[in-house]
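Here is what each chain is made of, one letter per residue.
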Amino acid sequence: MKTSYVASALAMSLALAFPVHAADAGKNAVVQEAPLRAHLQFLASDLLEGRGTGQRGGDLTVAYLEAQAMALGLKPGNGNSFRQPVLIAGVKTQPADSTLKLEAGGKPLDISFGKDWVFSPGDATAVHNFNADLVFVGYGITAPDEQWNDYKGMDLKGKILVMMVNDPQPTAEQPNRFNGKGLTYYGRWTYKFEEAQRQGAAGVLLIHTTPTASYGWSVIQNSWSGVERFQLAAGTLGTPLQGWMTDDTARALFTAAGQDLDALRAAAEKKDFKPVPLAAKLNGEMKAAVRKVEQFNVAAVVPGTDPKLKDEVVIYSAHWDHLGKQGDSGDTIFNGAVDNASGSAALLAMAAEAQRVPARRSQMFLWVAAEEQGLLGSAAYASSPLWPLTRTAANLNLDSLNFVGATRDIGTQGSERTELGKLAETAAKAMGMQIAAAKPDLAGGYFRSDHFNFAKNGVPAFSISSGRDYIKDPEAAKAKAQAYGKRYHQVSDEYDASWDLSGMVQTAQYTLNLGRLIANAAKLPEWKAGDAFAVPRN
Ligand SMILES: [Zn+2]
């Protein structure tokens, strides 16, 4: 009888120390389904109008996240505010008012905006005048980890750089260069624009081909002509001109300039490639309508318990925005229940538990803005971090969670690039799960989610995604998950009260457990030596 008296006294004292959740005496952070479901249902409801950037629904979402963070007793992440302003520019090229033209061999090319080429300012500026020389720079890559430099021997300030997308292809001698068949970040068009800006160029024209871009010209035409494009309006801006041309336009241009495009492409596959000035120019005025929109990231902190380690932080992130309200007939609301009301709701449910059972390091819950417009909120965060990146242990991102059911595995693609890989396995094992087998990253998925803005600045980071090995009714569950493809970025991405959220809770729990492992570890995780992103946190 005595023993049980001691046990119950112990249970009593633990219960007093952690007054909520009697279930396991409060020592474990256990993500609860009820709040996750409630937040998900609300964030995905028509009332929030699809959480659009620059729309009322977006403002309401920010106010809701802020109110919930306050109600949980979290600390504001930005001084005494939960909000971090993100200044965004909406830019729409006005081709009819622009006189921009390409000249080669002394004559203007007969090309039209949309069909043959597209352009837009990369620096949120409405009017630009160009009189600039064109230079072919191959893949436009500077890659110290591959000892590669396409810009060698030439000052490219003020030039218009014409370049190929993708990255140098594997050869018989070097089957693994630039990750073999997989896409490296050097191959992404976002990298090309960033590198051109670092080179001081006046602009970039990318040469499109379907195999190198992995999508057809119509995808570029639809997203670059007749629509408003969003970019950051403060911090690091892009080059004055950004654009694409079709393969046919490039051929006409190079031929008129007295060059052989195929021969230059072949030369660009070699390490000794040097920039090739073209007898061609970009001339005239480019006009665009530019409006500025202020959006907000929402940041809330659970302080760490260790007097020293509490100055370091683990950041959990999820984008709160989706596509908002568009059009004026039928269903006009892009609810984004899976994408990404699910991740936003999960972060709230996780924050409640992190607050109840804190860790040695601090933990930040970061809901970022404008992911759908090109990862803008996370880019703004990385360029003006609320917590020094040198003291940021890791970023774990959630985007579009499992609404189908619990799994035996969990997706941690990208974790293997850093010491997080090992911790990811430990966390999975502790939950009786396995790490899902990594697939070759042919389309560069690692570079298309918010965690990447942390990775680029040296912070170990990846997104946690659903497993595929469903425990209950595996065939039906798999079919349900696959059918989501048809609802992706459609008005039909809506919440359904019949959803089995066991998989979503499992993912949130896993993410929190892993974050706590990082937050309680002896030292900050590092990149594996030789990785392209193995740079000091900055
Ligand atoms: Zn998303």
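Rules behind the numbers
- Residues numbered from 1 in each chain as written.
- Predicted model: local features only at pLDDT ≥ 70, side-chain atom pairs only at ≥ 80, totals over all residues.
- Heavy atoms only, no water.
- Core = buried A, V, L, I, M, F, W, Y, C linked by side-chain atoms within 4.5 Å.
- Buried < 20%, exposed > 50% of the residue type's maximum accessible area, 1.4 Å probe, protein only.
- Contact = heavy atoms within 4.5 Å.
- Donors = N, O, S within 2.8 Å, 3.2 Å for Na, K, Ca; no water.
- Tetrahedral: all angles 85-135°; square planar, octahedral: opposite > 155°, others 65-115°.
- Helix = DSSP H or I, 4+ residues; strand = E, 2+ residues; numbered from the N terminus.
- Axes fitted to C-alpha atoms, helices over the stretch in contact; angles between N-to-C directions.
- Parallel < 35°, antiparallel > 145°, perpendicular 65-115°, else oblique.
- Left-handed = near helix turned anticlockwise from the far one by under 90°.
- Nonpolar A, V, L, I, M, F, W, Y, C, P; charged D, E, K, R; others polar.
- Pairing = 2+ DSSP bridges.
- pLDDT = per-residue confidence, 0-100.
- Salt bridge = Lys/Arg side-chain N within 4 Å of Asp/Glu carboxyl O.

An unreviewed UniProt entry lists the protein chain under the name M28 family peptidase, from Duganella margarita.

Asks: Sorry if this is basic, but what is going on with the nonpolar core here?
Replies: A general feature of soluble globular proteins is that nonpolar side chains tend to end up buried together. Judged by nonpolar contacts, the single largest core of 133 residues is most densely connected at F136 and M350. Filtering out sequence-adjacent residues up to four positions away, F136 remains in contact with V162, M164, I207, F254, L264, A268, F273, P275, V276 and L278. Of all hydrophobic cores here, the second largest spans 18 residues; its members include Y151, L161, A213 and W224.

Asks: Looking at this structure, I do not really get the coordination of the zinc ion. What am I missing?
Replies: Each donor-metal-donor angle would ideally measure 109.5 degrees in four-coordinate tetrahedral geometry, or 90 or 180 degrees in six-coordinate octahedral geometry. Only H319 (NE2), D339 (OD), D399 (OD) and D399 (OD) from the protein coordinate the zinc ion, and they sit 2.0 to 2.4 Å from it. Its four donor atoms give the zinc ion angles of 56 to 149° at the centre, a pattern that matches the irregular case. Summarised as a motif, the one-chain spacing of the donors to the zinc ion is H-x19-D-x59-D. Of the two residues, H319 is situated in strand β14 (residues 313-319) and D399 in the loop between β18 (392-397) and β19 (409-411); the sequence distance between them amounts to 80 residues.

Asks: Before we go on, may I ask you to explain the packing of helix α9 (residues 337-356) against helix α14 (residues 502-520) in this structure?
Replies: The description of two helices packed together rests on the angle between their axes and the distance between the axes. Interhelical geometry of α9 versus α14 gives an angle of 55° and a closest axis separation of 10 Å. One finds that α9 runs oblique with respect to α14. The handedness of the crossing between α9 and α14 comes out as right-handed. Across the interface between the two elements, S342, A346, M350, E353 and A354 from α9 touch M504, A508, T511 and L512 from α14. Of the residues that constitute the contact of α9 with α14, the class distribution is six nonpolar, two polar and one charged.

Asks: What am I meant to see in the sheet that holds β19 here?
Replies: Consider a sheet: its strands pair through backbone hydrogen bonds, and that pairing is either parallel or antiparallel. Pairing is mixed across the open sheet formed by three strands, whose spatial order is β20-β19-β22. The open sheet terminates on both sides in strands that have one partner only, identified here as β20 (434-435) and β22 (465-466).

Asks: In this structure, what is going on with the confidence of the model for the protein chain? I would like to understand it.
Replies: Atom-level detail of predicted coordinates should not be read off regions where pLDDT is low. Model confidence for the protein chain is summarised by a mean pLDDT of 93, while 95% of its residues fall at 70 or above. Low pLDDT (under 50) marks residues 1-25, which in the prediction has 11 contacts with non-local residues, meaning those over four places away or in another chain.

Asks: Before we go on, may I ask you to explain the pattern of salt bridges in this structure?
Replies: Side chains that differ in charge, positive against negative, can pair when their charged atoms come close. Under the defined criterion, the tally for this structure stands at 24 salt bridges. Between E228 and R291 there is a salt bridge whose closest N-O contact spans 2.7 Å. Placement of the pair is E228 in the loop between α6 (217-224) and β11 (229-232) and R291 in strand β13 (residues 276-302), with a sequence separation of 63 residues. Among the residues examined, E228 registers a relative accessible area of 30% and is labelled partly exposed. The salt bridge partner of E526 is R537, with a shortest N-O separation of 3.2 Å. One end of the pair, E526, is in the segment after α14; the other, R537, is in the segment after α14, with 11 residues separating them in the sequence. By relative accessible area, E526 is classed as partly exposed at 33%.

Asks: Teacher, can you tell me more about unusual backbone geometry here?
Replies: Comment: phi is negative for the bulk of residues other than glycine, and the bulk of peptide bonds are trans. At the junction of D339 and N340, the peptide bond is cis and its omega measures out at 0° in the coordinates. The backbone of N166 sits at a positive phi, close to 70°, despite the residue not being glycine. Tracing the chain through its elements places N166 in the loop between β9 (160-164) and α4 (189-198). You can call N166 buried: its relative accessible area is 14%. Located in the positive-phi region is F178, a residue other than glycine, with phi close to 45°. Structurally, the position occupied by F178 is in the loop between β9 and α4.

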